Amino acid sequence: MTKETKAAITDNSGAKQVQNVPSVTTAAPVNRTYKSTLFIMLFQDKNNLLELYNAVSGKHYTDPEVLEINTLENAIYMTVKNDVSFLIDGRLSLYEHQSTYNPNLPLRFLIYIAKLYSRMTRNANLYGTKVIRIPPPEFLIFYNGKEELPDRTVLNLSDMYEKEDPHAGLELSAVMLNISGEHNQKLKEACRTLREYSIYTDKVRKYVGELELADAVERAIRECIAEGVLKDFLEKHRAEAKEMSIFEYDQEKHIRQEREEAWADGHSAGVEEARLSMIIQMLKNGMSEEDISRIAGASEKEIKDAKSIS
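A brief structural summary. (Residues numbered from 1 in each chain as written. Predicted model: local features only at pLDDT ≥ 70, side-chain atom pairs only at ≥ 80, totals over all residues. Heavy atoms only, no water.)

## Section: the overall build of the chain
Of the regular secondary structure elements, the chain holds twelve helices and eight strands. Out of the 310 residues in the chain, the part that is buried amounts to 48%. At a minimum sequence separation of 6, the contacts of the chain that also span at least 24 residues come to 58%. Element-wise, carbon and sulfur atoms account for 51% of the exposed surface of the chain, whose accessible area totals about 16400 Å². (Helix = DSSP H or I, 4+ residues; strand = E, 2+ residues; numbered from the N terminus. Buried < 20%, exposed > 50% of the residue type's maximum accessible area, 1.4 Å probe, protein only. Contact = heavy atoms within 4.5 Å. Areas by Shrake-Rupley, 256 points an atom, 1.4 Å probe, with all protein chains shown as cover.)

## What about unusual backbone geometry?
A positive phi angle, near 60 degrees, is found at Asp89, a position not held by glycine. By the secondary structure assignment, Asp89 is in the loop between strand 4 (84-88) and strand 5 (91-98). According to the relative accessible area criterion, Asp89 is buried, its value standing at 17%. The backbone of Leu230 sits at a positive phi, close to 50 degrees, despite the residue not being glycine.

## Some words on the packing of aromatic side chains
How two aromatic rings sit relative to each other is set out by the distance from centre to centre and by the angle between their planes. Counted by the stated rule, this structure contains eight aromatic pairs. For the ring pair Phe39 and Phe142, a centre distance of 5.7 Å and an interplane angle of 35 degrees mean the geometry is tilted. In this pair, Phe39 sits in helix 1 (residues 38-43) while Phe142 sits in strand 6 (residues 137-143), placing the two residues 103 residues apart along the sequence. Given a relative accessible area of 0%, Phe142 falls into the buried group. Aromatic pair Phe109 and Tyr112: ring centres 6.3 Å apart, planes at 90 degrees, arrangement edge-to-face. (Phe/Tyr/Trp six-rings, centres within 6.5 Å; stacked < 30°, edge-to-face > 60°.)

## Section: helix 6 (residues 192-208)
Between its first and last C-alpha, helix 6 extends 24 Å over 17 residues, near the 24 Å set by a 1.5 Å rise per residue. Counting buried positions along helix 6 gives twelve out of 17 residues, so the element sits mostly inside the fold. Listed in full, the buried residues belonging to helix 6 are Thr193, Leu194, Glu196, Tyr197, Ser198, Tyr200, Thr201, Lys203, Val204, Arg205, Tyr207 and Val208. (Expected span 1.5 Å × (residues − 1).)

So this is what it looks like as structure tokens:
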């Protein structure tokens, strides 16, 4: 049920902030009608999520109840399912996890935020003369794939437009943070759960190169428990964590194979256009020609053509 609430939040300075924002019921435990992920399972826990928010924002909240989780459930919205969204500080934060580079996330975020705002204002008079107040959004992506990407990348909805238009009336910017390997160490030091999640997924990716997938995941779980990495979580949810990790890695491999097959089939005009568009976006995101060549397998001519267009 949607309603408007006033919430008093005390930050580390001792000052109280009164929020007057639409409120929704806190999300229930993970909906098992879809394949969840370890990221969702870890950060649906309010203690872990507050730790991550503090690390990202520089705040020092200690009471997890200041968070109001409102993640979309796909039982309601079918295929529309975001990873984690929540209200705090009068702001609506949407966090996504990705193990493959995805230039379409700004559009996905737009769909998510539209659904969330629609749910929040369900009982409001959108045709009235009184302004309906909504919380401003922020969009963050936590990336831990094998492609070498910068610590921080900004993805803009305007990069997806068919043609550049400085007068376009709609923009959405999402920040992608690379949490693989040695990237964003300061952030991971500020959030132990994120750091240990990164260590675990790095181990899985490492051992997949040496063992069968199930064995690689099992080895990563055993080592992490022995090293005190996500120890309590993995001991409590061992079977489920293993199943999720196998599913996630299979999905990542499937997406990568589909992308490689599409790129190999370059005679298709539609595929060529999509490939060129991706290279253009990589350039706009500040990626070097060397990185684009390595990640996308782009030739010197393709990069040159993309630069002439962008």
